[in-house]
Amino acid sequence: MNDTMVGNQAQGSPRDESHAHWGAQAAAYEPVLSRIGPYADLVRAVVESQRDSRRVLDQGFGAGVVARSLGEMGARVLAIDPFEDVVRTAASVATPRVVWRRMDPAALELPSAVVDGVVSCNVLHTLPDPFAAVAEACRVLVPGGRFTVSSPRRGFDVSVLDRQLALELTECRDEPHERACRELLNRRHRIVREGLAHVYDPEEFAALLLAESGFRQILDCGTAYLDQNFFVVVRR
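What counts and what doesn't
Residues numbered from 1 in each chain as written. Predicted model: local features only at pLDDT ≥ 70, side-chain atom pairs only at ≥ 80, totals over all residues. Heavy atoms only, no water. Helix = DSSP H or I, 4+ residues; strand = E, 2+ residues; numbered from the N terminus. Buried < 20%, exposed > 50% of the residue type's maximum accessible area, 1.4 Å probe, protein only. Contact = heavy atoms within 4.5 Å. Areas by Shrake-Rupley, 256 points an atom, 1.4 Å probe, with all protein chains shown as cover. Pairing = 2+ DSSP bridges. Axes fitted to C-alpha atoms, helices over the stretch in contact; angles between N-to-C directions. Phe/Tyr/Trp six-rings, centres within 6.5 Å; stacked < 30°, edge-to-face > 60°. Parallel < 35°, antiparallel > 145°, perpendicular 65-115°, else oblique. Left-handed = near helix turned anticlockwise from the far one by under 90°. Nonpolar A, V, L, I, M, F, W, Y, C, P; charged D, E, K, R; others polar. Salt bridge = Lys/Arg side-chain N within 4 Å of Asp/Glu carboxyl O.

**Overview of the overall build of the protein**
Here's step 1: A count of helical and extended segments in the protein gives nine helices and seven strands.
Here's step 2: For the protein, the proportion of its 236 residues judged to be buried stands at 52%.
Here's step 3: Restricting the contact set of the protein to residue pairs at least 6 apart, pairs at least 24 apart contribute 70%.
Here's step 4: Only carbon and sulfur atoms are counted for the fraction: they give 48% of the accessible area of the protein, which is about 10,500 Å².

**Observations regarding the pairing of strand β1 (residues 55-59)**
Here's step 1: Taking burial as the measure, the five residues of β1 include five buried ones, the bulk of the element.
Here's step 2: Both faces of β1 are covered, namely the face carrying Arg-55, Leu-57 and Gln-59 and the face carrying Val-56 and Asp-58.
Here's step 3: In terms of strand pairing, β1 meets strand β4 (residues 115-121) through three bridges, oriented parallel. Bridged to Asp-58 within β4 is Val-119.

**Some remarks on the sheet that holds strand β6 (residues 217-224)**
Here's step 1: Ordered by their spatial adjacency, seven strands build an open sheet running β3-β2-β1-β4-β5-β7-β6, and the pairing between neighbours is mixed. Pairing within the sheet leaves two strands with one partner each, and these edge strands are β3 (98-102) and β6. Strand-to-strand, the axes of this sheet are offset by a mean angle of 15°, without reference to chain direction.
Here's step 2: Of the strands in this sheet, β4, β5 (141-152), β6 and β7 (229-235) touch helix α3 (residues 37-48), which is tilted by about 5° from β7.

**Considerations on the packing of aromatic side chains**
Here's step 1: The final tally for this structure, using the stated rule, is seven aromatic pairs.
Here's step 2: Residues Phe-131 and Phe-205 carry aromatic rings whose centres are separated by 5.6 Å and whose planes lie at 40° to one another, so their mutual orientation is tilted. Placement of Phe-131 in helix α6 (residues 130-140) and of Phe-205 in helix α9 (residues 202-212) is noted, with a sequence separation of 74 residues between them.
Here's step 3: Connected via pairs of aromatic rings, a cluster forms that spans Phe-131, Tyr-200, Phe-205 and Phe-230.

**Observations regarding the packing of α3 against helix α4 (residues 65-73)**
Here's step 1: Contact geometry of α3 with α4 gives a least axis separation of 10 Å together with a crossing angle of 50°. Considering their axes alone, α3 and α4 lie oblique with respect to each other. Crossing hand, α3 versus α4: right-handed. Packed against α3, whose contacting residues are Val-43, Val-46 and Val-47, the element α4 presents Val-65, Val-66, Ser-69, Leu-70 and Met-73 at the interface.
Here's step 2: Of the residues that constitute the contact of α3 with α4, the class distribution is seven nonpolar, one polar and no charged.

**Let's talk about the environment of Pro-202**
Here's step 1: The topology assignment puts Pro-202 in helix α9.
Here's step 2: For Pro-202, a relative accessible area of 3% puts it in the buried group.
Here's step 3: Sequence-wise, Pro-202 and Ser-150 are 52 residues apart; in three dimensions their C-alpha atoms are separated by 9.1 Å.
Here's step 4: Apart from residues no more than four positions distant in its own chain, Pro-202 is found in contact with Arg-153, Cys-221, Gly-222, Thr-223, Phe-230 and Val-232.

**Things to note about the pattern of salt bridges**
Here's step 1: Going through the model one piece at a time under the given rule, you end up with seven salt bridges.
Here's step 2: The shortest N-O distance in the salt bridge between Asp-116 and Arg-55 comes to 2.9 Å. With Asp-116 in strand β4 and Arg-55 in strand β1, this residue pair connects regions lying 61 residues apart in the sequence. One exposure class covers both Asp-116 and Arg-55, and it is buried.
Here's step 3: With its nearest N and O atoms 2.7 Å apart, the salt bridge here joins Arg-139 to Glu-136. Of this pair, Arg-139 and Glu-136 both sit in helix α6, separated by three residues, roughly a single helical turn.
Here's step 4: Looking at Arg-139, the relative accessible area reads 24%, which means it is partly exposed.
Here's step 5: Taking the relative accessible area as the measure of exposure, Glu-136 reaches 13% and is therefore buried.

Quick look at the structure:
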């Protein structure tokens, strides 16, 4: 990872209370979800979409599941998150080929055209201005680079995912994992009562990427995560 790609750590604070809430919970969500089939499938799809990318930006890494998987695939990964505690937790575990940095996804302290791929997995709906982050993803991609994005779709139904978690609980023989699943269910119910912002249908979001954000080709457009997320891959 060269100095140009890494840049400096951002010093700004998160701009929105709901963003802060999601950021604070990320380290709890992903380790649980990554053991559950549909989420593991989503991670694999995100990583596979970047198989030919040598330098990848993970634009809001949470617990780091996607970033680590990209590194294991052989990519050099810059994983960013705006929350210092999230970055500190991820960086405490040495991960070959992955560099962890505090940075705002909507105001990247990086030069233009410096990465081959950008991924954004379950991030955009947490941001105050998701299309500012999308514009930054386009800016830092080299021409021909890929942007992979998945986030809750319009009509997101958390009960579908909760049923999968409940099934996981019935088959669980790991007490710490069972406790984590139950805690996750309780948190998710509270979050859904508060509502999700910035949700889109796959075709709607892909069209916006082409019309307003500088991308030129749709490579994949569909759903994932038990059809509760859109999944879009575009080329700059």
